[in-house]
Amino acid sequence: MKPSPFSYYAPKTLDDAIAALAAVAPHDGRVIAGGQSLVAAMALRLAQPAHLVDINAVAGLDSLEIRDGELCIGACVRHTAFEHPVVDGPLGAFLTTVVHHIAHRPIRTRGTFCGSIVNADPASEWCLVAATLGAKMVARSTRGTRTIAEPGFVEGIMTTVLAPDELLIEVRLPLLSAGTRCGFNEFSRRAGDFAIAMSVATYRIEGGVIVEPRVGVGAVESRARRIPEAEAALRGQVPADEAFAIAADAAAHAVTPIEEKPELAEYKREVVRAVVKRALAAAETIR
Amino acid sequence: MSHETDIVLTVNGGDYAVRVEPRRTLADTLRDQCGLTGTNSGCEHGICGSCTVIIDDEPVRACLMFAVQAQGKQIRTVEGLAQGDKLHPLQRAFIDHHALQCGFCTPGFLMLAASVLEREPEIGDDDLRVALSANLCRCTGYKNIIKAVRVARSVMQSQKAER
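Q: Got a sec to walk through the overall build of chain A? Specific residues and values, please.
A: Counting its secondary structure elements, chain A contains nine helices and 14 strands. Computed over C-alpha atoms, the radius of gyration of chain A comes to 19 Å, within 12% of the 19 Å expected from 2.2 N^0.38 for 287 residues, which places it in the range of a compact globule. When each of the 287 residues of chain A is scored for burial, the buried share is 53%. Considering only contacts in chain A between residues 6 or more positions apart, those separated by 24 or more positions represent 62%.

Q: Tell me about the interface of chain A and chain B, residues and numbers included.
A: Between chain A and chain B, the residue contacts involve 24 residues of the former and 24 residues of the latter. Of all the elements in the fold, those that place two or more residues in the side of chain A that touches chain B are strand E1 (7–9), helix H2 (38–43) and helix H4 (105–108) of chain A. In the side of chain A that touches chain B, the residues fall into twelve nonpolar, eight polar and four charged.

Q: Explain the packing of helix H2 (residues 89–96) of chain B against helix H5 (residues 142–162) of chain B to me, using residue names and the numbers behind them.
A: Residue and element names in this part refer to chain B. Closest axis-to-axis distance for the H2/H5 pair is 8 Å, and the angle between their directions is 140°. As the angle between them shows, H2 and H5 are arranged oblique. Like other packed secondary-structure pairs, H2 and H5 cross with a definite hand, here right-handed. For the pair H2 and H5, the contacting residues are Pro89, Leu90, Ala93 and Phe94 in the first and Ala148, Val149, Val151, Ala152, Val155 and Met156 in the second. Across the contact of H2 with H5, the residue classes tally to ten nonpolar, no polar and no charged.

Q: Residue-level account of the packing of H2(B) against helix H3 (residues 106–119) of chain B, with values.
A: Residues and elements named next belong to chain B. It is at 10 Å that the axes of H2 and H3 come closest, and there the two elements cross at 130°. In terms of orientation, H2 and H3 fall into the oblique class. Two packed elements cross with a definite hand, and for H2 against H3 that hand is right-handed. Across from Leu90, Gln91 and Phe94 in H2, the residues of H3 making contact are Thr106, Leu110, Ala113 and Ala114. Class assignment of the residues belonging to the contact of H2 with H3 gives a composition of five nonpolar, two polar and no charged.

The rules behind these values
- Residues numbered from 1 in each chain as written.
- Chains lettered and ligands numbered in written order.
- Predicted model: local features only at pLDDT ≥ 70, side-chain atom pairs only at ≥ 80, totals over all residues.
- Helix = DSSP H or I, 4+ residues; strand = E, 2+ residues; numbered from the N terminus.
- Rg over C-alpha atoms; globule rule 2.2 N^0.38 Å.
- Buried ≥ 20, exposed ≤ 12 C-beta atoms within 10 Å, placed from the backbone.
- Contact = placed C-beta atoms within 7 Å.
- Nonpolar A, V, L, I, M, F, W, Y, C, P; charged D, E, K, R; others polar.
- Axes fitted to C-alpha atoms, helices over the stretch in contact; angles between N-to-C directions.
- Parallel < 35°, antiparallel > 145°, perpendicular 65-115°, else oblique.
- Left-handed = near helix turned anticlockwise from the far one by under 90°.

From the geometry alone we can't say anything about function, so treat these as descriptive.
Quick look at the structure:
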């Protein structure tokens, strides 16, 4: 199908973009960046915005820089930017591992990191990374700028706390210290498909045992989130298969899959068990 | 504005002045207004890859981009692959190795493969399979598509070595 008619604006500056969004937001206006989810939804008429504010030409939104111990990712930074480490240390290597699981390359050349975050698909890899590492989202409108930490940004399936007139201008990820181990695992039926379940695991080793464990699970509940039960099972343990299996088991029990059929929910729990265990094991290898 | 606007698209090195509504996708514009019907529209929502074109050296789904967004960019379509009567090594290999059956997915696969081999001429077999998994062939002729792209990879490598 073809998208419904809309008015189109292509501002060149952030101020103009914010002003344009403020003007059209009350009248079903939306932002378009990479468009790799939005245009597909428009083609299917699932989305029929009356106005689109295209931020691709806005100067400065493609910036990717390190400030105050954080990787600051501008609104128009494409997924492909992460195909090679964008920063030395574990975070850059980790993001490179994750990016190859996002759709296919012709999608990654257009789709943006921040777009994935605002789209808030439960199966978004970047939403899982943001939830697990504790990202900060910087939103701007004509009313001002505010920073919203995750958890607290994504509310549920494709829903965030952003107001219609707010533009997500930047996402900030905390840099990971040199010794941090990070793992990622995703299960899907075909390369590039939406995940059936996926997990991010990070931790450090002190005195031979796990400290500061973080375990996140995505594509299972209405939004990606950390699983405190799995993290508790890891804290103070020797990083080995036995501890990973106990943590994976804890995660499988802790999640509430959004599946209507009980047998599918049970299946999802089993996949959670597998991806958490694999993410923890993978963390031994990605440095 | 939702009314039609005049834009210029640069496709295969030539300029095309067209008048489009903002909602007009690049795929439809290439086909209907530029007369470049080599780019096929399959699913029209980014799944099949039949409309893959190369924009500023990167593969892009032409159904997930509006024509108004492609102004000022270098667009390449399947019509630009051959040099006059001389087929591109990928086109030659697709014919020689029976990499097309109905042919609908072929332009998309050719442009996808061209983008892959231009960016990574020495790409390994496993990575090549993953890269080509971006597009769908409803005849399921994947084995021969992969075979043809491997052959083209070798041909393009030796052409590069000769130069």
